[in-house]
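Chain by chain, the residues:
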Amino acid sequence: MEPIIRQAEPADRAVIERIVHDAYIRYVSRIGRAPAPMNDDYQLRIAEGVVRVLTIQEEVAGLVVLLPKADYLLLDNVAVAPKRQGSGLGRRMIVFAEAEAMSKDRLG
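Predicted, not measured: the structure shown is a model, and the values here were computed from it.

Each value, and the rule that gives it
- Residues numbered from 1 in each chain as written.
- Predicted model: local features only at pLDDT ≥ 70, side-chain atom pairs only at ≥ 80, totals over all residues.
- Heavy atoms only, no water.
- Helix = DSSP H or I, 4+ residues; strand = E, 2+ residues; numbered from the N terminus.
- Buried < 20%, exposed > 50% of the residue type's maximum accessible area, 1.4 Å probe, protein only.
- Contact = heavy atoms within 4.5 Å.
- Pairing = 2+ DSSP bridges.
- Axes fitted to C-alpha atoms, helices over the stretch in contact; angles between N-to-C directions.
- Salt bridge = Lys/Arg side-chain N within 4 Å of Asp/Glu carboxyl O.

A.B. asks: Explain unusual backbone geometry to me, please; I cannot follow it from the model alone.
C.D. replies: Working note: non-glycine residues mostly have negative phi, and peptide bonds are mostly trans. The phi angle at Gln57 is positive, at roughly 50°, despite the residue not being glycine. The topology assignment puts Gln57 in the loop between β2 (51–56) and β3 (59–68). For Glu58, which is not a glycine, the phi torsion comes out positive at approximately 70°. Looking at the secondary structure, you find Glu58 in the loop between β2 and β3. On the accessibility criterion, Glu58 (76% relative accessible area) is exposed.

Printed below as a string of structure tokens:
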């Protein structure tokens, strides 16, 4: 089944937090602290409407956080569940983010 990217919902928060943790935990020992995405407030980000999730057969497999700025759309975070890494899902979300930025650019 084809992956779907949709707006994150409050019910997605726990799986989003797990994916972010699992995707970034290996960097803690390398940089000596938790990477910024691990400290983000995903309840707030979801409420702000800036988180999209990529689902495969209704299972959340990844996420992208896009922060609107005055003149651009900031790609703040892309994370893929470790069991799905290497399958092109991160690339798919980056392409989605680029398309969103272009559509926002045309509106402004």
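A.B. asks: What am I meant to see in the environment of Pro3 here?
C.D. replies: Assignment of secondary structure puts Pro3 in the segment before β1 (4–7). For Pro3, a relative accessible area of 18% translates into the label buried. A C-alpha to C-alpha distance of 8.8 Å links Pro3 and Glu58, two positions 55 residues apart in sequence. Aside from chain neighbours lying at most four places away, what touches Pro3 is Leu54, Thr55, Ile56, Leu89 and Arg92.

A.B. asks: For this particular structure, what's the right way to read the sheet that holds β2?
C.D. replies: Note: strands within a sheet are paired through backbone hydrogen bonds, in either parallel or antiparallel orientation. What the four strands build is an open sheet, ordered β1-β2-β3-β4; its pairing is antiparallel. The open sheet is flanked by β1 and β4 (73–80), the only strands paired with a single partner. Taken pair by pair, the neighbouring strands of this sheet meet at an average axis angle of 25°, ignoring direction. In terms of strand pairing, β3 meets β4 through seven bridges, oriented antiparallel. Paired with Val64 across the strands is Val78, a residue of β4. Strands in contact with helix α1 (residues 13–24) are β2, β3 and β4; relative to β4, the strand with the most contacts, it is inclined by about 80°.

A.B. asks: Looking at this model, I keep getting lost on the pattern of salt bridges. Mind explaining?
C.D. replies: When the charged atoms of two side chains lie near each other, side chains of opposite charge can form a pair. All chains considered together, the criterion is met by seven salt bridges. Arg6 is the salt-bridge partner of Asp12, the closest N and O atoms lying 2.8 Å from each other. What makes Asp12 buried here is its relative accessible area of 7%. Residue classification places Arg6 among the partly exposed residues on the basis of a relative accessible area of 25%.

Remember, this is a structural readout, not a statement about activity or role.
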